[in-house]
Structure formats: C-alpha cells, structure tokens
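Structural characterization, general
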Amino acid sequence: MWPNFRELLRQIGDTSNRLSIASLYNLSNMDSDEIQIFQEVWPSIAVRRRRQIINFLVEIAESSFEVDFNRVFRFCLNDEDEKVRAAAIEGLWDDEDTSLIDPLLSLLRNDPSASVRASAATSLSRYILLGELEKIRAKHFDKVRTALLEIIRSPYEDIEVRRRAIEAISYSGEEEVRGIIESAYYDDDERMRVSAIFAMGRSADPYWADLVIGELQSPNPEVRYEAAVACGELELSAAIPILAYLTNDSDREVQEAAIWALGQIGGDEARRILYACYEEGDEFLCEAIEEALEYLEFSYSLADISLEDFSDINE
C-alpha cells in the first residue's frame, strides 16, 4: 500500500498540477483499504480531472497486462459523469466475470446517456461469444441475448445503441441473427448498414460472402473498411484481387484493413501481394504488412503441424 494513499489521491486529483502518469500505476491492484479511500475521495475530484484520469487508466490497461484497474473501473460505472462511465466500460473490456453482466445490463437499459448505453451494448458482446463457446452458463447467455434483442427491436431506442446491440449479438449462431443483420443492411441509415457489414464478418457466416465482397467497392471509405475486415474474418479468398487494389486506397485505414485481411486469408497469392506492397510501402504500411505476414506465416506453420505433433507437445 502507498505510504499515504489519501495523499496520493490528493496529488492525482489536484488540478493545479500536471497529472503524473507514473502515479496512476499506484491505482493498480488496490487492496480493500485503498479502494475504500478511493471511493471516498474520487467524487470530490473535478469532473475534467476524473475524465483525464480514467482515460489514462484505460490506455495503460490496454498497453500493459501487468496492471489491474478493474476495481477502479467497476466503481466508476456509477460515476455521475457520462464520459467517465463510458470510459469505465471500455476499461473493463477483458473482464469476463459474469458478475459484471447485471451492472452492464442496468446501464444498457437505464442509463440516460445514449453513448453509455451504446458502450454497454458493445461490452456485452463478449458474453454472447462466451455463450457460443459454452464458457458461461446458458442462463447468463440468455439474459444478455434477451436484453440485446429488446434494444434491437425497440422503436424508441437511439440508433447508435441499436446498431451496437446488433454488432454484439452477431456472435450468436442462432438463426434469427441472420435476419437481424439483413434488416440492418437494408436500412435507410448508412450507419446501420456499416454495422451490418461489421456484423457479417463477426458472424463467421459464409452466407454473407458476396455482399461483403461487393461492398469493397463502396464509395464510402467506412463501408470499404468494414467490408475488408469482414473479408478477412470470413477468410474469403475470392476477395484477394480487390483487397490487393485496396492496399493503394486513398484512405489510410482502408489500406490497413486490406493488408490485415490478406494476412487473415493467407495463401501464396496473398503472400505475394503483401511482399510486393512491402517493397513500395512507407513506414506506416510496412509495419502493418509485417504484422500481416507474421500472422500468415504463423497460420502456415500451424497447418504443417499434425495431430501427432500436438500430442507430442502435450506429453
């Protein structure tokens, strides 16, 4: 425990001084006494400072597996500021404890902020995936699925919340999900169509192959981006020629998505294209290409390992 934890929090919360990022590491793995003091002091910190702190904690947590701010994030789910609540949800991205389901469902259904409700919907997607993988009990899966369906079908809910709920439920292999994605795809709102393409890739359903390949040529860069990612997730070798073209797209993010997708799809043609791109690419693209090639080669090495090799490794 920090020698004077209350003083540490005073320094962290003091808006007259620049926030010390190094000091935030002391909020990792707080013991019961520290979390009690934190809960007492946190509400007294100015809202702008709380936003700054929570955002830095999220960044640190994403870049380091050695820290654990989950007790902070869980407490901040009830912060009076919507941006702090949304950031806290984001910070809990890797927390698979089913005890988090009810707080997230409460935020999804009752939070006054649409951005917080949308964040909650996105966060709940992991429980749909865990349910599909049979890593959580059916009752937990059903509870999350029911709530997401309520949001998707609500004519009164904000479109940002509904589209995130569609993205979240797309991990489910249930038959009705295909119809939900299809309805979103033909929605008049372009934002909903973007989410539908995202959901097509996440669903791992080859039924969507022709649609996502067709959207690679959309005039909307956001659609091209999601279509490229979906082609990678669906491992669509038929998309390789268009993805090769998109490695020279006018939009940087589309270029990166196309490169990533080629690495996911794999094969000799994808490898050849990636090496050719590497010869002509700048520093930004070369880094993305290296990562794609690493994944491609790793996939090749796995394919070369027989079941007997795996049994030898485990012995």
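Focus on the pattern of salt bridges
For the coordinates displayed, the defined rule picks out 25 salt bridges. A salt bridge links Arg271 to Asp268; its shortest N-O distance comes to 3.0 Å. In this pair, Arg271 and Asp268 both sit in helix 17 (residues 268-280), 3 residues apart, roughly one turn of the helix. Under the relative-accessibility criterion, Arg271 is labelled buried at 18%. Arg271 is paired through a salt bridge with Glu297; the nearest N and O atoms lie 2.9 Å apart. Of the two residues, Arg271 is situated in helix 17 and Glu297 in helix 18 (residues 283-304); the sequence distance between them amounts to 26 residues. Among the residues examined, Glu297 registers a relative accessible area of 30% and is labelled partly exposed. A network of salt bridges, in which partner residues are shared, links Glu160, Arg163, Arg164, Glu167, Asp189 and Arg191.

Describing the layout of surface pockets
Size it by volume and the largest pocket reaches roughly 330 Å³. Mapped onto the lining of the largest pocket, the elements with two or more residues apiece are helix 6 (82-91) and helix 8 (114-132). When residues in the lining of the largest pocket are grouped by element, the largest group, 5 residues, is from helix 8. Looking at side-chain class alone, the lining of the largest pocket contains 4 nonpolar, 4 polar and 6 charged residues. Approximately 210 Å³ is the volume attributed to the second largest pocket.

Side note on the confidence of the model for the protein chain
Mean pLDDT over the protein chain stands at 93; residues scoring 70 or higher make up 95%. Here residues 310-315 is a poorly scored stretch, pLDDT under 50, and it has 2 contacts once near neighbours within four places are set aside; other chains count.

What counts, and at which threshold
Residues numbered from 1 in each chain as written. Predicted model: local features only at pLDDT ≥ 70, side-chain atom pairs only at ≥ 80, totals over all residues. Heavy atoms only, no water. Salt bridge = Lys/Arg side-chain N within 4 Å of Asp/Glu carboxyl O. Helix = DSSP H or I, 4+ residues; strand = E, 2+ residues; numbered from the N terminus. Buried < 20%, exposed > 50% of the residue type's maximum accessible area, 1.4 Å probe, protein only. 1 Å grid on protein atoms, 1.4 Å probe; cavity = no way out; pocket = protein on both sides within 12 Å on 5 of 7 lines; lining within 4 Å. Points joined across faces, edges and corners; volume = space filled by probe spheres on them. Nonpolar A, V, L, I, M, F, W, Y, C, P; charged D, E, K, R; others polar. pLDDT = per-residue confidence, 0-100. Contact = heavy atoms within 4.5 Å.

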